[in-house]
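# Summary of the model geometry
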Amino acid sequence: MAFTPRVFSGMQPTGNLHLGNYLGALVRWVEMQETHDCIYCIVDLHAITASWQDPNELRQSIRDVTAAYIAAGLDPKKSILFNQSKVSAHAELAWIFNCTARLGWLNRMTQFKEKAGKDKENASVGLYDYPVLMAADILAYRATHVPVGDDQKQHLELTRDIAQKFNNDYRTQIAEAGYADGQFFPLCDPVIMGPATRVMSLRDGSKKMSKSDVSDLSRINMTDDADTIGRKIQKAKTDAEGLPSEEAGLAGRPEADNLVGIYAALENTTKIAVLNQYGGSQFSTFKKALAELAVSRLSPVNAEMRRLSADPAEIDRILADGARRANEIAQPILLETKRLIGLDG
Ligand code: AMP
Ligand code: TRP
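Predicted model only: the values in this text are computed from it and were never measured.

### Notes on the site of ligand 1
Around ligand 1 lies a shell of 18 residues, among which N21, G149, D151, V199 and M209 are the nearest. Here an oxygen atom of ligand 1 and a backbone polar atom of G149 are 2.8 Å apart. One nitrogen or oxygen atom from the side chain of K211 is found 3.1 Å from an oxygen atom belonging to ligand 1. Expressed as a share of its isolated accessible area of 490 Å², the protein-covered part of ligand 1 is 92%. When its residues are assigned to classes, the shell around ligand 1 shows six nonpolar, eight polar and four charged.

Put into structure tokens, the structure is as follows:
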């Protein structure tokens, strides 16, 4: 079966979204909404996997992330925006895929190893199972394209493995049901593109910019005001040399590479174009320009987020409407999945 192109992606409602989320994912999501049917989820069931969340804060975070999605340019009329826990097909399909995925596959997931740290015995089962729920998110809509940052590559490979094994495990039933090429679930394509698929910490160019970094100076939050953005960029770690004129000159200089990548992504251009302009400059000059650019891009988003957050009832209405539309797509796919398995008696 030729699958209708469909985009699915999601973010966790835990803490503030940051520049990595914005450049690595959101900007791409907004672009894809012009050319594809898109479904963008707030993955609240994933949010409770790593640590206990205060219920009031979680409720608030779901609304805040929805506001960030819309402020960044997602249009709830064009795209479906909803939170995961409102569409039960995600959890149900995850259970089915728990019986498809193999322990050996999950044991290879590097994100679990990073997040669980040394105390693996004390990690939640949900944290371990997180990638299976992610596969269910995507396959509940038979999505074909998944725009994410670089860190999600391995999870998407697992999603493809699950789809392929399911298609193979039920190949007879799938053929009988008339799927000529034996494909019930698509093997989705990761969309990992642009100069900022992996935005690094402003304090340490070898670490990913992350919500969970203890130092707030390591990241630019989407809620930071202009002064804070300026200060964080000014304090960003650099090396003693100026900016090179060629991309090769960024090799082995992770902090310089990161700042140039951020500039390129914010300006919607390439690193080499940025170096053509700033090659030979001191970091002080470049950082000033970068701060101005970051403020000019993020301030309007920030203001819109605040405007939207003042009307939580409107956000709840958007999420309810999105959940209704998401359910309409996911329910028939779940029913058909159950029928293939023999769970339709
Ligand atoms: P998370 O915050 O883990 O829910 O991530 C949401 C989305 O943002 C995913 O597509 C991630 O790949 C992306 N993302 C998170 N951190 C970064 C980063 N430092 N650079 C680029 N993309 C990121
Ligand atoms: N695991 C993703 C992250 O942390 C979030 C996510 C959950 C997701 N389900 C998804 C992303 C489905 C893309 C598609 O960034």
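On we go.
### Considering the packing of aromatic side chains
Taken as a whole, this structure holds 15 aromatic pairs when the rule is applied. Between W29 and Y69 the ring centres are 5.2 Å apart and the planes differ by 80 degrees, which places this aromatic pair in the edge-to-face class. Separated by 40 residues along the polypeptide, W29 in helix α1 (residues 19-32) and Y69 in helix α3 (residues 55-72) bring together distant segments of the chain. A residue is classified by how much of its surface remains accessible, and W29, at 1% relative accessible area, is buried. Relative to F286, the ring of Y278 has its centre 5.2 Å away and its plane inclined at 70 degrees; by these criteria the two rings are edge-to-face. Of the residues examined, F286 reaches a relative accessible area of 0% and is grouped as buried. Pairwise contacts between aromatic rings join F97, F166, Y170, Y179, F184 and F185 into one cluster. Directly above the ring of F184 sits R142, whose terminal nitrogen or CZ lies 4.2 Å from the centroid.

### Describing the pattern of salt bridges
Between side chains of opposite charge, pairing is possible as soon as their charged atoms come close. What the rule picks out here adds up to 22 salt bridges. Here R317 and E314 are joined by a salt bridge, their closest N and O atoms 3.1 Å apart. Residue R317 and its partner E314 are both found in helix α14 (residues 312-341); the two are separated by three residues, about one turn of the helix. Residue classification places E314 among the partly exposed residues on the basis of a relative accessible area of 31%. Salt bridges here are not isolated pairs; linked through shared partners, they connect D216, R219, D224 and K232.

### Things to note about the site of ligand 2
Lining the immediate environment of ligand 2, one finds 13 residues, of which S9, Y130, M134, D137 and Q152 sit closest. Separating a nitrogen atom of ligand 2 from a side-chain N or O atom of D137 is a distance of 2.7 Å. In the environment of ligand 2, a nitrogen atom lies 3.0 Å from a nitrogen or oxygen atom belonging to the side chain of Q152. A total of 360 Å² of accessible area belongs to ligand 2 in isolation, and the protein chains cover 91% of it. Of all the secondary-structure elements, those providing two or more residues to the shell around ligand 2 are β1 (6-11) and α7 (125-139). Tallying contributions element by element places α7 first for the shell around ligand 2, with four residues. Taken together, the residues that form the shell around ligand 2 break down as seven nonpolar, five polar and one charged.

### Digging into the domain arrangement of the chain
Domain boundaries in the chain define domain 1 (6-192 + 312-341) and domain 2 (216-307). Inter-centroid distance (C-alpha atoms) of domain 1 to domain 2 is 31 Å. Contacts between the two partners involve 12 residues from domain 1, matched on the other side by 13 residues from domain 2. Across the domain 1/domain 2 interface, buried area totals approximately 1100 Å², and carbon plus sulfur atoms make up 72% of it. The largest per-residue losses of area from domain 1 upon contact with domain 2 belong to L19, Y22 and A71, which jointly make up 45% of the total buried on that side. At the junction of domain 1 with domain 2, the criterion picks out zero salt bridges. When contributions to the side of domain 1 that touches domain 2 are tallied by element, the ones reaching two or more residues are α1 and α3.

### What about the environment of F8?
As for its position among the elements, F8 is in strand β1. Taking relative accessible area as the criterion, F8 reaches 2% and is therefore assigned buried. With near-sequence residues (within four places) excluded, F8 lies in contact with I39, C41, F82, H90, D137, I138, Y141, A143, H145, V146 and P147.

### Digging into the side chain of N83
Mapped onto the fold, N83 is located in strand β3 (residues 80-83). Its relative accessible area of 5% is what places N83 among the buried residues. Among the polar contacts listed, one links the side chain of N83 to the side chain of D44, at a separation of 2.9 Å.

### Some words on the environment of I162
Here I162 shows up in helix α8 (residues 153-169). On a C-alpha basis, the gap between I162 and K115 in space is 22 Å, while along the polypeptide they are 47 residues apart.

Criteria and thresholds
- Residues numbered from 1 in each chain as written.
- Chains lettered and ligands numbered in written order.
- Predicted model: local features only at pLDDT ≥ 70, side-chain atom pairs only at ≥ 80, totals over all residues.
- Heavy atoms only, no water.
- Near = heavy atom within 4 Å.
- Polar contact = N/O pair within 3.5 Å; in protein donor to acceptor, adjacent residues only side chain to side chain.
- Areas by Shrake-Rupley, 256 points an atom, 1.4 Å probe, with all protein chains shown as cover.
- Nonpolar A, V, L, I, M, F, W, Y, C, P; charged D, E, K, R; others polar.
- Phe/Tyr/Trp six-rings, centres within 6.5 Å; stacked < 30°, edge-to-face > 60°.
- Helix = DSSP H or I, 4+ residues; strand = E, 2+ residues; numbered from the N terminus.
- Buried < 20%, exposed > 50% of the residue type's maximum accessible area, 1.4 Å probe, protein only.
- Lys NZ or Arg CZ within 6 Å of the ring centre and 35° of its normal.
- Salt bridge = Lys/Arg side-chain N within 4 Å of Asp/Glu carboxyl O.
- Domains from an automatic or database assignment.
- Contact = heavy atoms within 4.5 Å.
- Buried area = accessible area lost by both parts, 1.4 Å probe.

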